[in-house]
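A structural walkthrough
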Amino acid sequence: MSTTTADLSHVRQPIAQANGLPNAHYIDAGVFAEERDAVLFRSWAGLAVSADVPEIGDAVPVTFLGMPLLVVRDKNAEVRVFQNTCRHRGMILVDAPRKIEGAIRCPYHSWCYSTDGRLVSTPHVGGPGQNTHEGIDRALLGLVEIRSHIWMDVIFVNVSGDAAPFEHVHADLLKRWAEFDKPLYHGGSDSRFDLTVNCNWKLAVENYCESYHLPWVHPDLNIYSRLEDHYHIENAGKYSGQGTWVYRQLEGSEGAKFPDFAALSDTWDTAAEYITVYPNVLMGVHRDHTFAIILVPQGPEKTVEKIHLYYAQPATDTALRARNTDQWKRVFEEDIFVVEGMQRGRHAPYFDGGRFSPAMDGPTHMFHDWVAAQMERHRAVPQAAE
Amino acid sequence: MMPRDEQLLAAHAEGDSAALVDLYMQAAEASLDANKAAFFLTHAHVFALECAHPSTDALRATLIRQGRETPLAPPLPPRR
């Protein structure tokens, strides 16, 4: 808890002079809490996917950085995110995924909420059989709704409520991937999996952003996708990642492939891109499938990676889909020893955040710089008030 | 047939909202005391809301006529 005000100016230097974020940003509970507010709650963070609530009335409770939330698809098929607590006594409303047939009834005193969050019943609130009271203004006591935005099926939330609109913050990325802004079809139960990793969530981002490690950690890729076939993707303060020019489609036993997304430009015949949508969503696009990885921090040194794969059409070859899932799972599992190793390394007291390869680590440094900028902005507020 | 109280307990135990609606409506109809009837109607309405029971609107309308409930507010747009 002693390093919460660590100087981050060295992180914000040009890459050739910069150091990475200090150890405290990976192991210190105080810094973790500060990052929660400064980095994850003030931006548009990934929470879940729309495919988690495919049908009207579906409700899934999610704990995000200790905050109990409820993802609901309301009666008009809109996906919403609420604080999962009753406005009466703070009782958890929904404790397991289920279908809401009508209203959400609090199991304690049965206050009821519509799936769009309105408080629709307060039984006996004015005494037995009297369900209104002048002190209870239902218009002010609906479920607390968390600001949300859905893009490429990912549900992003701005917990603080004061970020610029998602489409403004990520205008460049939306333009870059506009060709994939079309219906995406989740592959279903065989196209989702979780990986629990013993590392800080940022290490998963940092590893994902760069291609430098590929020939060492994923030697299989060398067969067709060499280091020099990759390029950096860098948009300071917004997103970063890597791309490849030699994406090769998966083929079934008789040459079957996944269908392509419609109307893609020729670039995507062999290109694929892997971008971190700051702060915590790792996304990939290819001519025939996309994926999203939502990093759900469990604490300073533990993260759950929730992985979802999407296709261009609702019905795809089951066996090929399973192979694709297995292939990506193998790649992501190959990264686990790296991120967990770096996590253990953050307990080395003389590690100084490390130095970056000026040629190869640009996207990772860009993420460090962005995190540091969010921390500085957050810290500037109380300082200015003093 | 089980006495209504036992049926109610069984329906509660099973989380059978539709059965609870029917049983509480029956209890309200059988009650000679207006306040007791309103108590049961309130429960019928709550469980009707929960399971989107066809009687929901009628139950609410009854409670509104008795000055025990208010009309529903219009739907809210999502907070984007």
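Bear in mind that the values here come from a model prediction, so they are computed numbers and not experimental data.

Digging into the sheet that holds strand S10 (residues 154-158) of chain A
Backbone hydrogen bonds are what pair the strands of a sheet, in a parallel or an antiparallel way. Residue and element names in this part refer to chain A. Taken in spatial order, the seven strands of this open sheet run S1-S10-S9-S4-S3-S2-S5, and their pairing is antiparallel. Since the sheet does not close on itself, it has two edges, and those belong to strand S1 (45-49) and strand S5 (98-99), each with one partner. The sheet contact formed by S1 and S10 spans four bridges and is antiparallel. Paired with Ala45 across the two strands is Val157, which belongs to S10.

Describing the environment of A:Asn76
By secondary structure assignment, the location of A:Asn76 is in the loop between strand S3 (67-73) and strand S4 (79-83). Taking the C-alpha atoms as reference points, A:Asn76 and A:Ile56, separated by 20 residues in sequence, lie 7.5 Å from one another.

Describing unusual backbone geometry
Residues and elements named next belong to chain A. Here Tyr278 and Pro279 are connected by a cis peptide whose omega angle stands at 5°. Even without a glycine there, the phi angle at His124 is positive, about 60°. Among the structural elements, His124 can be located in the loop between strand S8 (119-121) and strand S9 (145-151).

A closer look at the environment of A:Leu143
Residues and elements named next belong to chain A. As for its placement among the helices and strands, Leu143 is situated in the loop between S8 and S9. The exposure class of Leu143 is buried, given the 25 C-beta atoms found within 10 Å. Between the C-alpha atom of Leu143 and that of Cys209, which follows or precedes it by 66 residues, the distance is 37 Å. In this view, Leu143 contacts Phe82, Gln83, Tyr113 and Gly117; residues no more than four positions away in its chain are not counted.

Here's the deal with the nonpolar core
Counting 110 residues, the largest nonpolar core has A:Leu47, A:Ile155, B:Tyr24 and B:Ala44 as its most contacted members. Examining the composition of this core, we find that 10 residues originate from one element, helix H3 (residues 34-51) of chain B, more than from any other. Contact partners of A:Leu47, with chain neighbours within four places excluded, come to A:Val62, A:Phe64, A:Leu69, A:Val81, A:Ile155, A:Phe156, A:Val157 and A:Ile294.

Some details on helix H2 (residues 29-41) of chain A
Where H2(A) bends most, at A:Glu35, the angle is about 35°. Listing the buried residues of H2(A) in full gives A:Val31, A:Phe32, A:Glu35, A:Ala38, A:Val39, A:Leu40 and A:Phe41.

Notes on the interface of chain A and chain B
Each partner contributes to the interface: chain A provides 27 residues, whereas chain B provides 21 residues. Of all the elements in the fold, those that place two or more residues in the side of chain A that touches chain B are S8 and S9 of chain A. The greatest single-element share of the side of chain A that touches chain B, amounting to four residues, is contributed by S9(A). Of the residues that constitute the side of chain A that touches chain B, the class distribution is six nonpolar, 12 polar and nine charged.

Here's the deal with the sheet that holds strand S6 (residues 104-105) of chain A
Here we have three strands laid out as an open sheet, ordered S6-S7-S8 (chain A), and antiparallel in their pairing. Here the strands that pair on one side only, and so sit at the sheet edges, are S6 and S8 of chain A. Pairing geometry for strand S7 (residues 112-113) of chain A and S8(A), over two bridges, is antiparallel. Bridge pairing links A:Cys112 to A:Ser121 in S8(A). Packing against the sheet, H3(B) makes contact with S6, S7 and S8 of chain A, and its axis sits at approximately 135° to S8(A).

What to know about the confidence of the model for chain B
Confidence along chain B averages 96 in pLDDT terms, with 100% of residues attaining 70 or more. Put simply, helix H1 (residues 4-14) of chain B is where chain B has its lowest mean pLDDT, 94, and helix H4 (residues 56-65) of chain B is where it has its highest, 98.

Considering the pairing of S9(A)
All names here are of chain A. The element S9 is extensively covered by neighbouring structure, given that five of its seven residues are classed as buried. Where S4 lies against S9, two bridges are found, and the strand directions are antiparallel. Bridging from a neighbouring strand, Val81 pairs with Ile146 of S9. Note that S9 and S10 share five bridges and pair antiparallel. Residue pairing in the sheet places Ser148 in a bridge with Val157 of S10. Remark: two residues form the turn of the hairpin made by S9 and S10, two consecutive strands paired antiparallel; Met152 in that turn has positive phi of roughly 50°.

Observations concerning the domain arrangement of chain A
Size of an interface, as often reported, equals the accessible area lost when the parts are brought together. All names here are of chain A. If you check the domain split of chain A, you get domain 1 (24-43 + 171-377) and domain 2 (46-151). Spacing between the C-alpha centres of domain 1 and domain 2 amounts to 32 Å. Residue-level contacts link 10 residues of domain 1 with seven residues of domain 2. Mapped by element, the contributors of at least two residues to the side of domain 1 that touches domain 2 are H2 and strand S17 (289-299).

What counts and how
- Residues numbered from 1 in each chain as written.
- Chains lettered and ligands numbered in written order.
- Predicted model: local features only at pLDDT ≥ 70, side-chain atom pairs only at ≥ 80, totals over all residues.
- Pairing = 2+ DSSP bridges.
- Helix = DSSP H or I, 4+ residues; strand = E, 2+ residues; numbered from the N terminus.
- Buried ≥ 20, exposed ≤ 12 C-beta atoms within 10 Å, placed from the backbone.
- Contact = placed C-beta atoms within 7 Å.
- Core = buried A, V, L, I, M, F, W, Y, C linked by C-beta atoms within 7 Å.
- Bend = angle between axes of the 7 residues up to and from the residue.
- Nonpolar A, V, L, I, M, F, W, Y, C, P; charged D, E, K, R; others polar.
- Axes fitted to C-alpha atoms, helices over the stretch in contact; angles between N-to-C directions.
- pLDDT = per-residue confidence, 0-100.
- Domains from an automatic or database assignment.

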